[in-house]
Every structure is written in C-alpha cells, then in structure tokens.
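For reference, the chains in residue letters:
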Amino acid sequence: MKEHQRVAVVLCLIWLATLLYGEMFAFWMPPLFSCSWPHQSNSKMAGQGHAGDYVKVAVIADPQLMDKISLRLPPKSLALEIAQFYTDLYMRRAIFSSVLPFKPDVVLFLGDYFDGGPYLTDEEWQESLSRFKHIFGLNTEYDNFQVYYIPGNHDLGYANLYSSKPEVIKRYEKEFGSRNYQFKVGKVEFVVIDAQTLDGKQNLASASWDFVMNISKDNQSYPRALLTHIPLYRQDWTNCGPHRCSPIINQRILRTVPEQEIRYQNYITEEASNRLLNLIKPVLILSGHDHDQCTVTHDTQTGPVMEHTLGTISWQQGNLYPSFMLLSVSNLSLSASREDMILTKLCFLPKQTHIYIWYLLLFVLTILALLFWPTGGLNVWHRFGDLVDSSKTLMSCNIFRDGTKEKNEDENCEYEMIWGADGSMHVIKKALSNPVTSPSDRNLVERGNAVMRPAAKKAINLESELSLDVDNHNAVKLAPRASRSKIKIIIQRLLRMIRMVILIAAVNVPLYMMLLFKDWIDK
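Residues numbered from 1 in each chain as written. Predicted model: local features only at pLDDT ≥ 70, side-chain atom pairs only at ≥ 80, totals over all residues. Heavy atoms only, no water.

Here the focus is the overall build of the chain. Of regular secondary structure, the chain possesses 15 helices and 16 strands. Taken across its 523 residues, the chain has 43% of its residues classed as buried. Of the contacts formed within the chain by residues at least 6 apart in sequence, a portion of 73% connects residues at least 24 apart. A total accessible area of about 29000 Å² is found for the chain, and carbon and sulfur atoms account for 59% of it. (Helix = DSSP H or I, 4+ residues; strand = E, 2+ residues; numbered from the N terminus. Buried < 20%, exposed > 50% of the residue type's maximum accessible area, 1.4 Å probe, protein only. Contact = heavy atoms within 4.5 Å. Areas by Shrake-Rupley, 256 points an atom, 1.4 Å probe, with all protein chains shown as cover.)

Next comes the structure, spelled out in structure tokens:
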C-alpha cells in the first residue's frame, strides 16, 4: 500500500470515529457516565431505602421549535427547512438517547414549545404541533410515564395578546389542557401557574390569582413545588451560580402605550413574586424562559426557598450548553425534611456547536494532509534506524577506545604531480621537510597532499571554463522543464487529493446519512 493510501485509510478511520461519537455516542454520555438520579448520587441517600421510595421526574424547558418567526426566512424555504431539521433532530436525540434512558415516571415541560406560537395561523400551528409531538415521541401514548405541560410566553404571548387573540388561548387549552392546575407526584404537590397573566390588568390576571387564592385556602397536606415559566423576581446582578454560561439578565418590562399592558418581561414583578411565595408556600420553584441555567434563593416567611431556572434543551436558542433536570420526589411519609422531599440534579447535553466546529476543523486537516503529506512518508522509523546505526559506528571508533592510534604513513609525506613531455601526468611521493608531530597538526594535513605545477593549473582552469559554459547553456534549457515539472506535481497532488476525498466520503457519507435518519424515524 502506498504512503498516501495509508494516510487516507487513517483519516477515514478518524472520520468514522468522529461521526459515531458526534452523532450517537455523545448523546449516550448523560445516562451512562455524566448524570444520575439525585437520590442515587446524594451522599445521605446512597445505599438507603428502596427503588420505590422516590418518584423519578425529568424536567425539560424551552424547546421553542424554529419557524418563520425565528430566522425571518420565508416559510418552506430551503434554509429554514435545514435549520429546522438539525434543530429538531438534536432535541429528538436528546429525549430518546439522553432523557428517556433514565426511565422517568413523570416528564414536565416548562413552556415555550413553539417560537412564534401566538402569531402562527391555525395551519402553521398544527404543523408545529405535529413536529413537537414527533420530536418528543408524543404521537404514541406513553404507558410508563405521565406528561405535564405549563404555558410559556412563546405559546400564548403576554397579557396584551390575551384579549386581542382569544383563539390562541382556545387552541392551546384544547391541546395541552388548563393553564392553571395542580397535580401530585409522590408526597409532593406541584402547582402550575400561567405566569404571563400575573402582572396584567385585573380582568386578565383574575383567573390566575383566583386559582392561587383557592390553593392557599386548601389544607396543605403535602409540600408544594411551584412551576412557572417566567422566573420570580430577583435583584439586578444576582449571582446565578456556577452553571450560568451567559451574562446575567436584569429585570426588563415593556408595556403597550395606550393600554399599558405587558408585552414583555424577564421576571415576574417583586410584588407578584412575594404574593405567590406567601400564598403557595413552596419548598421548590422551577422556571424557564431565560434559556440559561440560574439558581437563586428566595427569603420567605417559611424560610429560604430554592428556585432553579432551567436552560433550554435546544442548541439553537442562545445557549451553547443545553440541559435538562432530574428530580427525585419523595414517596415516603412526611417525616423527611423539606430539603429531602425533592432532590434535584442538573444534566448537560452534548455541545452540538462544538461538534460541528470539530467537523469543520477535521475537514480542513483532511485536505491539508492529503495535499502536503510527503510521498515517501515521514520516514520516522527509517531515520530512527539510521540514528541507531550511526551510534553503533561511533561506539566502534577509536575515539572511544584506550590506546594510541596506529601510525599513518601518509601523514608525513606529500604528492607532487609532474607532467611528462608526452603530456602524461606522473605522481611522485616525497617526504615532508617538517613532519607532523602533534595531533593539532594532523588535523591540518590532508591525506596525501598534492602540489600542482603551473602547467597543470593552466590545463585545469581551461577545462573548468569550458565546463562552466556548457553548464550555463544546459541550465537555460532546464529552467522551463523544472517549471513544467512543478506544475505537473501540483496537478498530480490535487488529483490524488480528490481521489482520496472521494474514497473517504464514500465510506463516511452513507454512515452519516444512516445515523441521521435512524434517529429521525419514529420508533
């Protein structure tokens, strides 16, 4: 096998391993190595209790499916279709290869299922809904776990749209159910709030606040967890903890000019947040909306309460480190402490942007290697062998031995060239008048010094001049040949590179396509 063929085979294997990792193995890392259920990894709980002591809950936030609103591209355009495919494929791989292998009992979605939800026509909304169900495998009924949803601002809009687009509310509730409700998991009660209306005018916010008031009047038999898409109020520049990747976002509220209704807000206002905390009295708060991880602690009348704002599960929503969360909800009696009733664990998904950057770098490396790799190879082993042989030669030389060097008969003599009458040359050996005695002198003496007479020098000079004229004439003729030879070598290397790239692609492109569509097809 030739050297460039060996290089192509090595590159082909590197591409094979890269594609297998980037398109498949990377999504196996969370369930296999990097993440686990919090009750299994918690030092206080490890090795205690039984499997049924905790209900396992997986939490997903802000898939926000791309549509015509996302990139301002024409509907059905090729660019939009490609962006949608790769974004949807990532989330489908995440749910089937990273989340569901944990075998959760409950899956919670924290809102923002679509990007332009309130602004899509009914036909476009149904198409996005079909994509959402396909991505997360909701086309088939799940018998082994329950799914719960909460509304987000990209699903319904803010308070200013509730009155102007009531059909948006109707189609959401028809598909996903009520916007305010409660359900029980294990020994914990989860309260779902439509946070987009909490700071609206009284007639719009009344439904949500009426629900909250009714909850507060109930006899609280179980600890509560609050689920809200929009995070609760926190002071500007509040530290979000070690998992935050993007800059901290401070409070920002935009209102419509005539009605003064909210059309955007980063957090629920301080007044509404305190009211929620005092009425519901949660032991844990889960929120989304921010697209990045943030963990803060709220001081309440019943003590400090932790809020986890989850990052998006999509790699196209401004977060290079998509994530999801695992909850271990206690199924034991209420004798456990508040902190142990709900245990949390943040899990990170593969960094898809980094994977594509590595693909690009490997492609450039492949082209450069195929173009500039030496035809004879690097000959590392040959050069290493030459180095060993040279070392052996040096070891065998007299400079490493004891004793004196044998006498060289030619050191104390010189040679003289004499031209005869017939034009022939004779070499005569003569003894030096001053023999070489010291080692330093020996270095200066060449073996068999030759002394040329003027006649010999003249003949040699004439021959040298003739030879120089011939060489110059030949060099002028060889210059175009050398130029043509370089062009030929460049063309040969380009053709060789193209052949090797085709060979690498012939092996890896079918594998890549197989990996794409094996995850896209319904299971």
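On to the pattern of salt bridges. Tallying each qualifying case throughout the model produces 15 salt bridges. Across the salt bridge formed by Glu-23 and Arg-93, the nearest N and O atoms sit 2.6 Å from each other. One end of the pair, Glu-23, is in helix α1 (residues 3–34); the other, Arg-93, is in helix α4 (residues 78–99), with 70 residues separating them in the sequence. Look at Arg-93 and you get buried, because its relative accessible area is 3%. Arg-224 serves as the salt-bridge partner of Glu-189, at 3.7 Å between the closest nitrogen and oxygen. One end of the pair, Glu-189, is in strand β5 (residues 188–193); the other, Arg-224, is in strand β6 (residues 224–228), with 35 residues separating them in the sequence. An identical accessibility class is assigned to Glu-189 and Arg-224; each is buried. (Salt bridge = Lys/Arg side-chain N within 4 Å of Asp/Glu carboxyl O.)

Attention now goes to the state of the cysteines. Applying the stated criterion across every chain, the model contains two disulfides. Across a sulfur-sulfur distance of 1.7 Å, Cys-35 and Cys-347 are joined as a disulfide pair. Between Cys-35 and Cys-347 the sulfur-sulfur dihedral comes to about -45°; the bridge is accordingly left-handed. With a gap of 312 residues between them, Cys-35 in the loop between α1 and α2 (38–41) and Cys-347 in strand β13 (residues 342–348) connect regions that are remote in the sequence. Since its relative accessible area comes to 7%, Cys-35 is described here as buried. Between the sulfur of Cys-240 and that of Cys-294 lies a disulfide, 2.1 Å long from S to S. Taking the sign of the S-S torsion, about -75° here, the bridge from Cys-240 to Cys-294 comes out left-handed. Taken together, the residues Cys-240 in the loop between β6 and β7 (253–255) and Cys-294 in strand β10 (residues 294–300) connect sequence positions 54 residues apart. Taking the relative accessible area as the measure of exposure, Cys-240 reaches 5% and is therefore buried. (Disulfide = S-S within 2.5 Å.)

Residue placement: Gly-311 occurs in the loop between β11 (303–309) and β12 (323–330). Residue Gly-311 is classed as buried on the basis of its relative accessible area of 0%. In this structure, the C-alpha to C-alpha distance between Gly-311 and Asp-290, residues 21 residues apart in sequence, is 6.9 Å. With sequence-adjacent residues up to four places away left out, Gly-311 is seen in contact with Ala-61, His-291, Asp-292, Gln-293, Asn-319 and Ser-323.

Turning to the sheet that holds β11, a few remarks are in order. The strand order β4-β5-β6-β9-β11-β10 describes an open sheet built from six strands, whose pairing is mixed. Single-partner strands in this sheet number two, and they are β4 (181–185) and β10. Between one strand axis and the next, the sheet turns by 25° as a mean value, whatever way the strands run. Where strand β9 (residues 282–287) meets β11, four bridges bridge the pair, whose relative direction is parallel. Bridge assignment links Ser-287 to a residue of β11, and that residue is Thr-309. Running at roughly 150° to β6, helix α10 (residues 270–280) makes contact with β5, β6, β9 and β10 of the sheet. (Pairing = 2+ DSSP bridges. Axes fitted to C-alpha atoms, helices over the stretch in contact; angles between N-to-C directions.)

A word on the nonpolar core. The biggest cluster of nonpolar side chains holds 39 residues, and the ones touching the most others in it are Phe-109, Tyr-113, Phe-132, Phe-136, Tyr-149, Phe-176 and Leu-326. Those elements that place two or more of their residues in this core are β1 (54–60), α4, β2 (106–109), α5 (122–135), β3 (146–149), α8 (166–176) and β12. By residue number, the principal contributor to this core is α4, which donates five residues. Other than its neighbours up to four places away in sequence, Tyr-149 contacts Phe-109, Tyr-113, Phe-132, Leu-138, Tyr-172, Phe-176, Tyr-181 and Val-192. Tyr-181, Leu-227, Met-325 and Leu-346 belong to the second largest nonpolar core, which has 27 residues in total. (Core = buried A, V, L, I, M, F, W, Y, C linked by side-chain atoms within 4.5 Å.)

Nonpolar side chains collect at one region of the surface, where Leu-360, Phe-363, Val-364, Leu-368 and Phe-372 lie side by side and expose about 530 Å² of accessible area between them. Mapped onto the elements of the fold, Leu-368 is located in helix α12 (residues 352–372). Given the relative accessible area of 45%, Leu-368 is considered partly exposed. (Patch = residues over 30% accessible without salt bridge, like charges linked within 9 Å, V, L, I, M, F, W, Y side chains within 5 Å.)

A separate point is the packing of α4 against α5. Between α4 and α5, the least distance of the axes is 9 Å, while the angle of their chain directions is 35°. Note on element contacts: α5 touches α4 through Arg-131, His-134 and Ile-135, opposite Gln-84, Asp-88, Met-91, Arg-92, Ile-95 and Phe-96. Looking at side-chain class alone, the contact of α4 with α5 contains four nonpolar, two polar and three charged residues. (Nonpolar A, V, L, I, M, F, W, Y, C, P; charged D, E, K, R; others polar.)

Right, let's get into the sheet that holds β2. Read across the open sheet, the five strands follow the order β3-β2-β1-β12-β13; overall the sheet is mixed. Bordering the open sheet on either side are β3 and β13, each of which pairs with just one other strand. Neighbour to neighbour, the strand axes of the sheet diverge by 20° on average, direction disregarded. Here β1 pairs with β12 via six bridges, running antiparallel. Pairing of Val-55 across the sheet is with Val-329, part of β12.

Enumeration according to the criterion identifies 29 aromatic pairs in this entry. Ring geometry for Tyr-149 and Phe-176: centres 5.0 Å apart, planes at 70°, overall edge-to-face. Residue Tyr-149 is found in strand β3, and its partner Phe-176 is found in helix α8; the two are separated by 27 residues along the sequence. Its relative accessible area of 14% is what places Tyr-149 among the buried residues. Seen in terms of ring centroids, Phe-183 and Phe-190 are 5.3 Å apart; in terms of plane orientation they differ by 5°. Their pairing is stacked. (Phe/Tyr/Trp six-rings, centres within 6.5 Å; stacked < 30°, edge-to-face > 60°.)

Taken residue by residue, α8 has Val-168, Ile-169, Arg-171, Tyr-172 and Phe-176 as its buried positions. Those residues of α8 that are buried are in contact with α5, β3, α6 (153–156) and α7 (159–164). Taken from the residues just after α8, Gly-177 is the one with a positive phi, measuring 95°.

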